[in-house]
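Coordinate analysis (summary)
Here is how the chains run, residue by residue.
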Amino acid sequence: MAGGAAPKADEPLPHPAKDQLPSISYCITSPPPWPEAILLGFQHYIVMLGTTVLIPTSLVPQMGGGNEEKAKVIQTLLFVAGLNTLLQSLFGTRLPAVMGGSYTFVPSTISIILAGRFSNYSGDPVEKFKRTMRAIQGSLIVASTLQIVLGFSGLWRNVTRFLSPLSVVPLISLVGFGLYEFGFPGVAKCVEIGLPQLVIIVFISQYLPHVIKRGKNIFDRFAVIFSVVIVWIYAHLLTVGGAYNDAAPKTQASCRTDRAGLIDAAPWIRVPWPFQWGAPSFDAGEAFAMMMASFVALVESTGAFFAVARYASATPMPPSVLSRGVGWQGVGILLSGLFGTVNGTSVSV
C-alpha cells in the first residue's frame, strides 16, 4: 500500500495438537486440570527418579561415601533438579522441560574419582568422599561457563539456525539408545523383577486401553504409576516371603526392597545449601574433560528442546529462545557445582 506501513506479519500459531499429533491430549496452551496435572507431575518424578537414584548409587560408593552420603547426594540432586526446572520454565525456553541429572557427565566424573591424588585418603572414606566431591564441584563450575557464554552471548543461536526437524531425530535417538547401556544391565541384575516391570508397563499402556474402553485415558496416561505400584508390591512380597534369603549378596542388594539403606539414612527434612561439602577444588585437566561433557549435554539438550516444543504443540522455537534456554542450562550446571550433586544437568529425556 503506497504511503502506508507494511502489513504486520501474522504471529506464528501453535501446532494443532489433535491434527498433528493425535496421541497428545494436552499442550502448552491447554494444560490438564490441577488434580490430573499433579498426578502426571508425580509420574514424571517417578520416571526421572530412576536416573536421580542410579547416578549417585553408582558413583558415591566409588568416592568413599556410605548410605548417609548417598542419601544426601540424592536429596541434593532432586532439590537442584526442581530448582533448575523452575528456572528453565520461567526464564529459559519457558517450555515444560524437566531438568535433571545426565549420564553424559558420568565418564568425566569417574575420571575424577579415579584420580591418584585421592588415594591418600583411603583410610578415611568420608574424607575421601568430600575431597572427591569438591573436585567434581570445581570441574562443574568451570564447565558451566561454556554453556553460559554460548547461550547468553547468542553464539549458539547462529548454530541452531541450520537445524531442522530431520537433524533433531538422530540427536534424540542417540540419547535414548545410549540409555540402554545403563538400563538393561540393571534389569539383568534382577530379571525376575525387571522383566515383569517392562511387560506390565507395555501391557497397561498399549493393550489395556483397547480392552477397557472406559478407562482408556486413565491407563495410557498413568501406566507408569500403575506398573510401579504393582511391581513394588510383588517385589516386597518376594522379599518378606524369603525368596532371597539364601541368594548371593549382589542379588540381595539388587532384588530385595530392604537393602538400599537410603530410607534409614535419609533425614526427614533436609534443605541442601551451597558448598555443603566444603570449598571446591580446581584442576585444569579435570575441568577441560568436564567441559567436553558439558558440550555433549548442550547438543543433546538442543534436540530435546525441539522435541519438547513439538510435543507441547508450541510455536516454532526461535533460535534466540533456544540460545537463552542453553544459557539457563549453564546456570543449572553452575548450581549443580555449587550445591554438589556429583552430576551436571540437562533436559530429562
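Residues numbered from 1 in each chain as written. Predicted model: local features only at pLDDT ≥ 70, side-chain atom pairs only at ≥ 80, totals over all residues. Heavy atoms only, no water.

We count it as follows: UniProt positions are given in the numbering used here, feature names are shortened, and annotations may be inferred rather than shown by experiment.
The name that an unreviewed UniProt entry assigns to the chain is Nucleobase-ascorbate transporter 6, with the source organism given as Citrus sinensis. In its Subcellular location (unreviewed entry) section, the UniProt record describing the chain reads: "Membrane". Under Sequence similarities (unreviewed entry), UniProt gives the following word-for-word description of the chain: "Belongs to the nucleobase:cation symporter-2 (NCS2) (TC 2.A.40) family."

1. Some points on the packing of helix α3 (residues 67–90) against helix α14 (residues 319–339)
Heads up, the condition is: Only the contacting stretch of a helix is used when fitting its axis, a line to C-alpha atoms as for every element, and angles between N-to-C directions run 0 to 180 degrees. For helices the rule is a DSSP run of H or I covering at least 4 residues; for strands it is a run of E covering at least 2, with both sets numbered from the N terminus onward. Any angle that falls under 35 degrees is termed roughly parallel, while one over 145 is termed roughly antiparallel, one within 65 to 115 roughly perpendicular, and all others oblique. Rotating anticlockwise by less than a right angle from the far helix to the near helix defines a left-handed crossing, while the corresponding clockwise rotation defines a right-handed one. What makes two residues a contact is simply this: any of their non-hydrogen atoms within 4.5 Å. In the scheme used here, Gly and all other residues not listed as nonpolar or charged are polar, with Ala, Val, Leu, Ile, Met, Phe, Trp, Tyr, Cys and Pro taken as nonpolar and Asp, Glu, Lys and Arg as charged.
At a minimum axis distance of 10 Å, the contact between α3 and α14 shows a crossing angle of 155 degrees. Here α3 is positioned roughly antiparallel relative to α14, judged by the angle of their axes. Crossing geometry of α3 relative to α14 is assigned as right-handed. From α3, Thr76, Phe79, Val80, Leu83, Asn84, Leu87 and Gln88 reach across to α14, where they touch Gly325, Trp328, Gln329, Gly332, Leu335, Ser336 and Phe339. For the contact of α3 with α14, the residue count by class is 7 nonpolar, 7 polar and no charged.

2. A closer look at the state of the cysteines
Inclusion rule: Any cysteine sulfur atom paired with another within 2.5 Å is treated as part of a disulfide. Accessibility here uses a 1.4 Å probe with only protein chains present; expressed as a share of the type maximum, an area under 20% marks a residue as buried, one over 50% as exposed, and anything in between as partly exposed.
In this structure the tally under the stated criterion is 1 disulfide. Across the disulfide, cysteine 190 is cross-linked to cysteine 255 (sulfur-sulfur distance 2.1 Å). On the sign convention where negative means left-handed, the S-S torsion of about 130 degrees between cysteine 190 and cysteine 255 marks this disulfide as right-handed. Of the two residues, cysteine 190 sits in the loop between α7 (165–189) and α8 (191–211) while cysteine 255 sits in helix α11 (residues 249–255), which places them 65 residues apart along the sequence. For cysteine 190, a relative accessible area of 5% puts it in the buried group.

3. Observations regarding the nonpolar core
Filter applied, for reference: Residues belong to a common nonpolar core when they are buried Ala, Val, Leu, Ile, Met, Phe, Trp, Tyr or Cys residues joined through side-chain atoms within 4.5 Å.
Core analysis: the largest hydrophobic core is formed by 24 residues, its most contacted members being Met63, Val73, Phe105, Phe129, Met133, Ile136 and Val342. Where this core is concerned, the elements lending two or more residues are α2 (34–63), α4 (106–113), α5 (125–152) and α13 (284–311). The residues touching phenylalanine 105, leaving out its near neighbours within four places in the chain, are Leu140, Met290, Ala293, Ser294, Ala297, Ile333, Asn343, Gly344 and Thr345. Membership of the second largest hydrophobic core comes to 12 residues, among which are Phe305, Val308, Ala309 and Val321.

4. Here's the deal with the UniProt feature "transmembrane region" (unreviewed entry) in the chain
UniProt annotation of "transmembrane region" (unreviewed entry) refers to residues 42–61, 73–91, 97–115, 135–156, 162–180, 222–244, 287–309 and 321–342 when read in the numbering used here. Annotation note: span residues 135–156, helix share 91%, strand share 0%, distance between end C-alpha atoms 28 Å. With 78% helix and 0% strand, residues 222–244 has end C-alpha atoms that lie 31 Å from one another.

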